[in-house]
Every structure is written in C-alpha cells, then in structure tokens.
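# Report on the structure
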Amino acid sequence: MSLSPLDKRWFWLCRFFAFTCALIICFIILFLFVESIPAIQSIGLERFFNDSSWHPTPDPSTGSFNLSAMLVGTLAATLGAIIFAGPLGILAAIFCHFYAPKQIAYLFRRMIELLAGIPSVVFGFWGLVTLAPIIRNLAPPGPSLCAGIIILTMMILPTVVLLSDAAIKNIPKKYIEGAAALGLSRWSTIKSIVIRASKEGLSNAIMLATGRAIGETMAVVMVCGNIAQIPNSLFDPIRTLTANIALELGYATGQHRSSLFFSGLLLLGIITMMVLISEKLKSEAIRD
Amino acid sequence: MGCSDKTGMQEQPSIQRLIVTGSSTAAPLVSDIAKRFEQSQPDIRIDIQTGGSSRGITDAGNGLADIGLSSRALTLNEKEILQCHTLAQDGVCFLIHKNNPIQKITNKQLKNIYTGKTTNWKQLGGLDKEITVIQRAQGRSEVSLVCQYFDVKPSDIKADLIAGENQQGIKMVANDESAIVYMSVGTSEYEVSRGTPIKLLPLKSIPATAENVAKGDYPLSRPLIFVTQSHPSQLVSKFIEFAQSPQVNDLIKDHSFVSITTR
Amino acid sequence: MTDKTLSQDLICGFIWCVALGITFMFCWILFDIISHGIPEISWTFLTSSVQQAGRSGGIGPIIISTLLILLVCLCVSIPLALATAILLSEFSNSHQRFTRLISTSLEILAGIPSIVFGLFGNAFFCIICGLGFSILSGGLTLACMVLPILTRSIEIGLRSVSDDYRLAGAALAIPRVKLLWRIILPAATPGLVAGLMLGIGRALAETAALIFTSGYVDRMPGSLLDSGRALSIHIYDLAMNVSGGETNAYATALILLVLLLVINLVAQWLSHRFLYRKVQL
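The rules behind each value
Residues numbered from 1 in each chain as written. Chains lettered and ligands numbered in written order. Predicted model: local features only at pLDDT ≥ 70, side-chain atom pairs only at ≥ 80, totals over all residues. Heavy atoms only, no water. Helix = DSSP H or I, 4+ residues; strand = E, 2+ residues; numbered from the N terminus. Buried < 20%, exposed > 50% of the residue type's maximum accessible area, 1.4 Å probe, protein only. Contact = heavy atoms within 4.5 Å. Areas by Shrake-Rupley, 256 points an atom, 1.4 Å probe, with all protein chains shown as cover. Lys, Arg positive; Asp, Glu negative; His and termini not counted. Charge placed at Lys NZ, Arg CZ, Asp CG, Glu CD. Domains from an automatic or database assignment. Buried area = accessible area lost by both parts, 1.4 Å probe. Salt bridge = Lys/Arg side-chain N within 4 Å of Asp/Glu carboxyl O. Polar contact = N/O pair within 3.5 Å; in protein donor to acceptor, adjacent residues only side chain to side chain. Nonpolar A, V, L, I, M, F, W, Y, C, P; charged D, E, K, R; others polar. Pairing = 2+ DSSP bridges.

Tallying secondary structure elements over chain C gives 11 helices and two strands in all. Helices and strands in chain C line up, N terminus first, as α-α-β-β-α-α-α-α-α-α-α-α-α. By residue count, 62% of the 281 residues in chain C fall in the buried class. The contacts of chain C with a sequence gap of at least 6 include a subset with a gap of at least 24, amounting to 74%. When the accessible area of chain C is evaluated, it comes to approximately 10800 Å², of which 70% is carbon and sulfur surface. Averaging the locations of the 16 positively and 14 negatively charged side chains of chain C gives two centres separated by 14 Å.

Quoted interface sizes are often the accessible area lost when the parts come together. Residues and elements named next belong to chain B. Here chain B is described as being made up of domain 1 (3-89 + 222-262) and domain 2 (90-215). Summarising the inter-unit geometry, the C-alpha centres of domain 1 and domain 2 are found 30 Å apart. Across the boundary between the two partners, domain 1 contributes 10 residues, which contact 16 residues of domain 2. When domain 1 packs against domain 2, the two sides together hide about 980 Å² of surface, and 52% of this comes from carbon and sulfur. A per-residue breakdown of the area domain 1 buries against domain 2 is headed by R222, S256 and V258, which together make up 58% of the total.

Every contact between the two is made by 29 residues of chain B and, on the other side, 25 residues of chain C. For the pair chain B and chain C, the two sides together bury roughly 2200 Å², of which 46% comes from carbon and sulfur. Three residues, Q49(B), E165(B) and Q167(B), lead the burial of chain B against chain C; their summed loss comes to 22% of the area buried on that side. The interface formed by chain B and chain C includes five salt bridges. In this structure, the salt-bridge partner of R17(B) is D226(C), at a minimum N-O distance of 3.2 Å. Our enumeration of links across chain B and chain C arrives at nine residue pairs in polar contact (both at pLDDT 80 or more). Put simply, the parts of the chain that give the side of chain B that touches chain C at least two residues each are β1 (16-22), α2 (27-40), β2 (44-50), α7 (166-174) and α8 (185-193) of chain B. Of the residues belonging to the side of chain B that touches chain C, the class tally is six nonpolar, 11 polar and 12 charged.

Before going further, it helps to examine the environment of S42(C). Take S42(C): it is sitting in the loop between α1 (2-37) and α2 (43-47). Within the structure, the side chain of S42(C) is placed 3.0 Å from the side chain of T44(C), a separation counted as a polar contact.

Let's shift gears to the pairing of strand β3 (residues 67-70) of chain B. Residue and element names in this part refer to chain B. Burial along β3 is two-sided: the residues I67 and L69 and G68 and S70 are all buried. In this structure, β1 lies alongside β3, joined through three bridges in parallel fashion. Across the sheet, G22 pairs through a bridge with L69, a residue of β3. Bridging between β3 and strand β9 (residues 221-229) involves three bridges; their strand directions are antiparallel. Within β9, the position partnered with L69 by the bridge is F226.

Here is the structure:
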C-alpha cells in the first residue's frame, strides 16, 4: 500500500507527535540521571548493593545505602501481583465475552472502569484499616508482602481486564465462527483460538499492568510495612523502591536525597530491561 | 506593628503572593492561618505547598519559596544562611493500644523495646504477646529526636513495621493490641478525644499532654518553624508576626499543637 | 462425553467465580466508601470552600481544580496518544525501527513511578518552563503519565477493526487518512472509549504526581496558572495528615467515584451516538 500525498503529511504529523512521547522518556531519564549523579559519585555504585543495610544519612561516610532488599521487595510484590492479576484479569475478560449475558457483561465493564478510578490512597487506606488486621490474625504483624500483593492485584486488575477485553474483541469473528462450525466446545475455542489469536494484545496488557504495579507508590507505602529487608515469607513486611522514595524524600537532604533519585533510576533500569526482554521474547515467538 | 505600612499596602491594586512550602505536618495548620490572614488582607494571596521539611528548607534557601515550613530544627550549616521563627511546639509521645494493660514505662524499658532486647510485653508485666515495634520513616524529625533522647543510632533500632505519616501510625496501633509507636502528642491527644482505641504513655512519669509540653516539663518536644532567608521581606515578616500572635491560638489548638504564646 | 460436559461446566463455574470474586472485592471497597462517606454529602459540601483544613466545609474549589487539571491533561494527551496510536497501528509496517522505538519507550513510560513523574514535572514544568505550581503544570504532568495507557488502548482499539476495511479502502484508492477518519476510527470507538476511561480513571486517581506540580492550595482557582488541589490530594491529606479528616476523606472519595461514573456514562452515550452517525454512511 503506497501513501498518497495527503497521507504523507499526516504520517509526518503522527511521527512528530510520537517523537514527542519518546522525548518525554529522554527528559525523564536525563532528569533522574542528573539528580542521582552526586550519589553515584560520592557513594559509588557498589555500596548501593554491598552496604550492611539501608540507613542513609546526608553525609555518605556515616550512612549505609544498601538498596538490594528494596529491589527484592519491589520484584516480589510486582511478581506476586502479576501472577494473580494476569490470569484473573484475562479470565474476567473472557467472562465478559463468552460467559456473561450481555447486560451483565455491560455492568461488569462499567464496574471495572470505576475500579480503575479509585485513588491509590483509598486502596491503601482500605488495606491498612481492613485488610491488614485480617492478615494480622493469620500471621502478625499484618502489613506485609501478602497485603501488598493483594492490594496491587486489585489495583492493576482493571488495566488487565479492560485491555484484554479490547484485545479479545480484536479477534476476527470468522475464527470463532469457524471454531463453532468445527463443533469445538466453548472452552476449547477459548483455549486454542481466542487466547492464541489475541496473544500479543494480552501480553501488552500484562506488560502495562506490570509497569503499573512496579510504579505504584501510595498504596504500597500504607500496606507493606516498609521494613527494608529481604522477606522470608509472604507475611514479612517489605519495602519497595517506590515506597522508599515516597517515605523519605520529604525529609531527605544531601546524598540521602540524591540516592533516592538513584533508586528511581534503578527502577527505570529494571523496567527497561523487562521491556527489552519481553520484546525479544515476542519477536522470537513471531519468528517461530 | 504592621499599621504604618498598612495604608501603603492597600493603595497597591495588584495582588501580592507569598509562596510557603514544606512540612506536611505543619501545612494544614499554616493553610488555616493563611486563610485568616487573607481575610484581613484582601490583596494578599498565600499559596501553601507541601513536600516535607527538607523541601521547605531547600526552597527557602534557593528562593523558590518565601517561607519554608519545617518540623525539625535547622542544622548548624543551615542556620548560617537561614533564619528560623518558631510557630508552635509539639511533643512526641509513645502510643500503645487502649487494651494493653501497661500503664507506665521507664526510659530503659522503652530503649530495650526499640533496640530489640525486649520482645514480649510479658517481660514488662503485660500480656503474653509479642511486641510489634513500629518505627517512623528515616529522616522524620521524630526519629532523630527519639534517637537522640535514648542515645541510640537509627541503625540500632529493630522495628517490625515502619509508619510514614501520622495517621498511618495511629491506624497501625489502633488495629494491633500489641503495637507501640511514637508520634506527635497533639495528634495522639486529638485521636484519643475522638475515641480511637489508643493510649499515651507517660515519659519519666510525666503524662504526655499538650499542657505539659507547653509548660516545658515534658522531655520530648520539637518546634514547628518558619524558615526564611536572613532578610525577609516586609510581607513575609508581617505574615510571620501574624502567625506568632495570639490571634491564631485557637487555630493552633484546633490542630492540636502548642502555641508559643501560651508558654 | 459426560466427562467433557462436566469439565466444561466446571470451567464455566470457575470463570463465574472469578467474576463474582472481583465483583465482591469491588463491592467491599465501594461499600466501605459509601457507608462512611454518604452522611457527609450535601449540596453545601459540594459547593462550599474548604474549612479547618478539610475537617469541615466543602470541596467546591477542589472539584473545579480537579476538572481543570483533567481538562488540560486530556487536551494534551488525547491528540498525542491518538497520533501515536495511529502511527503504531496503521503505519507500523512502513518504519519498523522508529515504531519499535516508540512502542518501547511507551512501555518504559508506563512503568515509571508516579512519584518520579511528580518530581520530573516539578523540575521541568514548574521550574524550567516557569509555570510554577499550577493547574497547567499538573495537567501536563498527568498527560505524560496517562500517555502510555491511552496510546496502548487506542492502538488495541484501532487494531481491532477488521483489515477488510483497509483492504477495501486501498482497492478503492481512498487516502488512508480519509479511511481512518470515516471508517476505522468510528468502528474503533468502543475500544477508544474504554481506553479513555482507563486514562481518565488513572488521572483522577493520581496523588503523588500532583503533590509536586498542581499543588496544595485549596482556594478557587482564578486561572490555569493558579495552584489548585485535586480531589485525590485532598483525600490523601485528609486521610494521612489531618486528624479527624477521615469521614470527609471518604465523602471526597465518593464524590470522585460519582464524578468518574458521570464521565463514564457521558462517554458511553457519546460513543453510541458517534457510532450510529458515522457508520450509517
């Protein structure tokens, strides 16, 4: 398909706008980098992973700056949330398309859209007041990795459901009609045709949701307990990198402040790696 | 005091703006004070922004804000370039759940709890329950105050949970019968008066009340301060004078802090 | 055969359980918000200004500020997201490298913590661009934040339109832009609206990015350059900083949800009208 002159003009406009998006990323990386340079210079990269603990001070010689426990915390909470929210969200989207009566599916979608708009503070508050005491009865102290995973799951679920829903809608009708003609049952159709045909959309949905889970701040601060330690069980409190920034930024000065920006940069590094790996996997899957 | 230039101010038709940034603890109070100030001075707008004490101090230092708010005292370095003006006083007390039978506690016992040497309330004559030790976020003024008081390093403290903002700490204690946390006396007293199931522990047998903080008897307290550059403008000084005057005592009390004029 | 129908029934039951479980959790939170919030809500609460740091008085100026911030955010993000999504879905086979780069950067953007957006917005819009604490800087920061989710969902919506249209259009030598405007966009409307709702939800729910950009001032904003407090920040402040602010925090959260519901219904209604008008060619 060749482009007409009119198309070409629009194409360039689109490119320009898209380029702006990429530019924002560059600005943010640059900003984080500039802010964290003092910490990288005076503390040094290895101390962020080798120090005894996270007890930062404005003066780098007296504090200790180990971020690895929080790195583990972030990964654990995100992974946990995605393990639950991914399948649940996709199943909920399937529910909307293949199992629910039309009216119920309509209501269900409106509900999920509403869920997407509940402020993270409200989730966090609910987690702190309602969820944490329930977990404390099972295993003290209550605010923990487990509470964090539950809250994060609820928060990223709308993203997964709505985007998977859109991706499933994406499948050409004839596929499903063809499956019906072959006499495939509903679930086999879903398993062998729907999921496969919408694979790319579903993985995009999960990627976006993962990003959301990694970046969530306020709710996590309230329910995770915020101890910077590597958790031994689901019921141990953890601190995520974002929680670390939110908790301490308001009171941090000097190298402490700068090292908080470094943790932001670190987070960005993880996200970039994740994105690149998933793209690699995707392109390999396409080649197969 | 401000009378002489008051007429001069009113002749200016343009609206003057003051930017105040800093401590989230002090911001709601200062916001109320600013509203009252605006009522008496219709051509002045005061914009309050939060973001934490260090933000307030930094912004005041580099001129982004006219006034910075801080809930910690200035360090020596900061004092060289900045001026501070006390707005109010606030105590820091230890809180436990209402159902916890412990009535009093010694400093030694508190120190042992926070350094992980005492782990069960039974050891202090209470119920047989593991203590949930709640620490506050690193860098908050309460932390350095308590660490100084017990002469420990923040890294020596063995905590089970860490609370950020005050309300988070309150909720954690109110939901956990075996928890202990430290926080603002004003906030704690207010919560007790609302029926939240918490109890303030006396320190050195002095009950933690705003009254005792005002009298200066209570051993743990911190100031809420305004931070300005060394030569604040007329408008800034005027607002600070207003905020330090008895005209705002009811607001300070309303936010459960202790005003400096009642001392 | 019976075995097969049994497993079909089991799966069907399981999926219903998942949906019911999600609904149950949602209703739990919703019930919590409504039961605490509803006694406070009245006309005066909606219209009057904030008093006693939010413990009394209403949230009138805050609703206005929130709507303004949202407006700025959408005015900027929708064109950007639409253009990017069109590029990704309609022109993606022509410049592989470039579209890959864009889509990668969007995915990275999606994972940046909101607090980092807040700090970036503060440094870039408030200080470097000189907008100060203002509704404008808040809206622009939010626009950066909702961009990935908006773009991604518009892209999915566009891709969901059957290729038959595009092929038919190409066969008839209709310029792609016309085809896009007349056929593909209208056909993709439901997907676009879902994406829009996700973006609006995200923007309304945001706290950390706004504390440092649109600010904390609870006065009625006079212009876009004034600082204005958003509903979510008000909720945060009441719930976390102000003793005794809890009930009003719940009431504000309830208002936020009602606002979202209203926006949602209006968007649904508009999308239905749009769909009818455009497809009846």
